[in-house]
Amino acid sequence: FFSSFFFLPTPAKMPSRERKEQYFTLMKGLLAEYTKCFLVHADHVGSKQFQDIRKAMRETGHVLMGKNTMIRKCLRDNVEQYPHLECLIPVIEGNSAFIFVKKDFDEVRAVIKQYYVGAAARAGVIAQCSVTIPAGVTTLQPTETSFFQALNISTKITKGAIEILNDIELIKEGRKVNPGEAALLQKLGIKPFTYGLDIMTVYDNGSCFDASVLDITDDDILKAFQSGINNIAALCLAAGYPTIASVTHSFLNGYKNVLAIALSTDYTYPLAQKIKDFLSDPEAMAAAAAASAAPAAGGAAPAAKAKEAEPEPEEEEEEDVDFDLFD
């Protein structure tokens, strides 16, 4: 009786096989419904933080976690029906999760960034940034100087509290946090790290790419496109092969050659004649040079006028004295 009572399948404790079947059904439905998703790492993310993210994303997407082996099996079982999902299998590793996206990627990423929370440094974790303790008086009592002595930090006692004499780089980025360092930061009340869902891979209609692609703006695309056009134009000009990218440069270079010939010979045309007249008149050249130099000197002119406007101090005239020293 007792054995059958404790091992009866209930909704709260469903057998492993049925739970896996439900998970596969859910994931298959999401993969069929959504064409875009984020693959995120959820290291050091608490349950309350995860719950808040799920609530915030009810209208913009769906969050799904699970064991990597179950996720890979579900993807492999459905590759024949959805061949574009095959690119997701190699990138599933670590403590990962799926965020299926309904709307724009940037909108969902903004929601994810809102739920990054500060966290204390724990022993053994990899530091995501360098941590520097500033010099100054702390709230620690003089009895706790052993923490600072163990870390070779110079201190002194000021008004019944420990004072750090110099700025100390306690933790370096990419290095494991030592127990002593973690205990000292905890006593000082410093939470140097922030944790949240880190976007590692972006999936969009059968293509997987790095999350850094989301930081590319329209201006970056235009700059890259312009740089490519400049390279094509330079190659075509050097090879003498005309293209749309190089034809404007070819026209300009051709006009420069015609103008050079006109200036060095008696042949002329209206535009070249203007330049010839300009070059034959030294006064016009000097006037043009002065006009071009005027904007540069414009900033100094008001200062000079201001100096001229200031009245010079008048020297005091000596008053005539009616008496003589030798009288």
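Residues numbered from 1 in each chain as written. Predicted model: local features only at pLDDT ≥ 70, side-chain atom pairs only at ≥ 80, totals over all residues. Heavy atoms only, no water.

Visitor: Explain the environment of Thr-243 to me, using residue names and the numbers behind them.
Guide: Of note, Thr-243 is situated in the loop between helix 8 (218-239) and helix 9 (244-264). Thr-243 sits in the partly exposed class, given a relative accessible area of 23%. Spatially, the C-alpha atoms of Thr-243 and Ile-232 are 8.8 Å apart, while their sequence positions differ by 11 residues. (Helix = DSSP H or I, 4+ residues; strand = E, 2+ residues; numbered from the N terminus. Buried < 20%, exposed > 50% of the residue type's maximum accessible area, 1.4 Å probe, protein only.)

Visitor: Describe in detail the sheet that holds strand 3 (residues 96-101), supporting the description with residues and values.
Guide: With antiparallel pairing, 5 strands are arranged side by side in an open sheet as 2-3-1-11-12. On the outer flanks of this sheet lie strand 2 (61-65) and strand 12 (207-210), each paired with one strand and no other. Neighbour-to-neighbour, the strand axes of this sheet turn through a mean angle of 25 degrees, independent of strand direction. Here helix 2 (residues 16-33) sits on the sheet and contacts strand 2 and strand 3; the angle it forms with strand 2, its principal contact strand, is near 145 degrees. (Pairing = 2+ DSSP bridges. Axes fitted to C-alpha atoms, helices over the stretch in contact; angles between N-to-C directions. Contact = heavy atoms within 4.5 Å.)

Visitor: Residues and numbers for a nonpolar patch on the surface, please.
Guide: A contiguous nonpolar patch, built from Leu-263, Ile-275, Phe-278, Leu-279 and Met-285 and spanning about 380 Å² of accessible area, is present on the exposed surface. Sort the elements by how many residues they give to the nonpolar patch and helix 10 (residues 270-280) lands first, with 3 residues. Tracing the backbone shows Leu-279 in helix 10. Owing to a relative accessible area of 47%, Leu-279 belongs among the partly exposed residues under this scheme. (Patch = residues over 30% accessible without salt bridge, like charges linked within 9 Å, V, L, I, M, F, W, Y side chains within 5 Å. Areas by Shrake-Rupley, 256 points an atom, 1.4 Å probe, with all protein chains shown as cover. Salt bridge = Lys/Arg side-chain N within 4 Å of Asp/Glu carboxyl O.)

Visitor: Give a detailed account of the sheet that holds strand 7 (residues 155-158), specifying residues and quantitative values.
Guide: Taken in spatial order, the 3 strands line up as 6-8-7 in an open sheet, and their pairing is antiparallel. Taken across any chain shown, the strands that pair with only one partner, and hence form the sheet edges, are strand 6 (136-137) and strand 7. In this sheet, strand 8 (residues 161-164) lies alongside strand 7 in antiparallel orientation, the contact comprising 4 bridges. Counted as the bridge partner of Thr-155 is Ile-164 from strand 8.

Visitor: Describe the pairing of strand 12, listing the residues and the values that go with them.
Guide: Sheet topology note: the strand 11 (residues 198-204)/strand 12 ladder contains 4 bridges and is antiparallel. Its bridge partner lying in strand 12, Thr-201 is registered against Asp-210.

Visitor: Would you mind going over the nonpolar core in detail, with residue names and values included?
Guide: Ranked by size, the top nonpolar core spans 21 residues in total, and within it Met-27, Leu-64, Ile-71, Leu-75, Leu-85, Phe-98 and Phe-100 carry the most contacts. For this core, the secondary-structure elements that each account for two or more residues are helix 2, strand 1 (36-41), helix 4 (68-77) and strand 3. (Core = buried A, V, L, I, M, F, W, Y, C linked by side-chain atoms within 4.5 Å.)

Visitor: If you had to explain the packing of helix 2 against helix 4 to someone new, which residues and values would you point to?
Guide: For the pair helix 2 and helix 4, the least separation of the axes is 10 Å and the interaxial angle reads 60 degrees. When the axes of helix 2 and helix 4 are compared, the pair comes out oblique. Here the hand of the crossing between helix 2 and helix 4 comes out right-handed. Contact with helix 2, carried on its side by Lys-20, Tyr-23, Phe-24, Met-27, Lys-28 and Leu-31, involves Met-70, Ile-71, Lys-73, Cys-74 and Leu-75 of helix 4 and no other residues of that element. Residue composition of the contact of helix 2 with helix 4, grouped by class: 8 nonpolar, no polar and 3 charged. (Parallel < 35°, antiparallel > 145°, perpendicular 65-115°, else oblique. Left-handed = near helix turned anticlockwise from the far one by under 90°. Nonpolar A, V, L, I, M, F, W, Y, C, P; charged D, E, K, R; others polar.)

Visitor: Any details on the pattern of salt bridges? Residues and values, ideally.
Guide: Counting across every chain of the model gives 8 salt bridges. We note a salt bridge from Glu-21 to Arg-17, for which the minimum N-O separation is 3.5 Å. Highlighted residues: Glu-21 and Arg-17, both in helix 2, separated by 4 residues, approximately one helical turn. The exposure class assigned to Glu-21 is partly exposed, which follows from its relative accessible area of 41%. With relative accessibility at 66%, the residue Arg-17 sits in the exposed group. With a closest N to O distance of 3.4 Å, Lys-73 and Asp-77 form a salt bridge.

Visitor: Outline the packing of aromatic side chains, supporting the account with residue identities and numerical values.
Guide: Overall, the coordinates contain 6 aromatic pairs when judged by the stated rule. Pairing Phe-38 with Phe-105 gives two aromatic rings, centres 5.1 Å apart and planes at 45 degrees, and the pair type is tilted. Of this pair, Phe-38 sits in strand 1 while Phe-105 sits in helix 5 (residues 105-114), placing them 67 residues apart in sequence. A residue is classified by how much of its surface remains accessible, and Phe-105, at 9% relative accessible area, is buried. When the ring of Phe-193 is compared with that of Tyr-195, the centres are 6.4 Å apart and the planes differ by 65 degrees; the resulting orientation is edge-to-face. When its relative accessible area of 0% is taken as the criterion, Phe-193 is described as buried. We classify Tyr-195 as buried; its relative accessible area is 10%. Of the aromatic side chains, those joined through ring pairs into one cluster are Tyr-34, Phe-98 and Phe-100. We note Lys-36 situated over the ring of Phe-105; from NZ or CZ to the ring centre the distance is 5.0 Å. (Phe/Tyr/Trp six-rings, centres within 6.5 Å; stacked < 30°, edge-to-face > 60°. Lys NZ or Arg CZ within 6 Å of the ring centre and 35° of its normal.)

Visitor: Let's hear about the environment of Ala-150: which residues, and what values?
Guide: Structurally, Ala-150 is set in helix 6 (residues 145-150). Here Ala-150 falls in the exposed class, since its relative accessible area comes to 62%. Ala-150 sits 31 residues away from Glu-181 along the chain, and the two C-alpha atoms are 9.6 Å apart.

Visitor: Run through the packing of helix 9 against helix 10, naming residues and quoting values.
Guide: Direction vectors running N to C along helix 9 and helix 10 enclose 50 degrees, while the axes themselves pass 10 Å from each other. Taken together, the axes of helix 9 and helix 10 lie oblique to each other. In the packing of helix 9 onto helix 10, the handedness of the crossing is right-handed. Between helix 9 and helix 10, the residues in contact are Tyr-255, Leu-259, Ala-262 and Leu-263 and Leu-271, Ala-272, Ile-275, Lys-276 and Leu-279, respectively.

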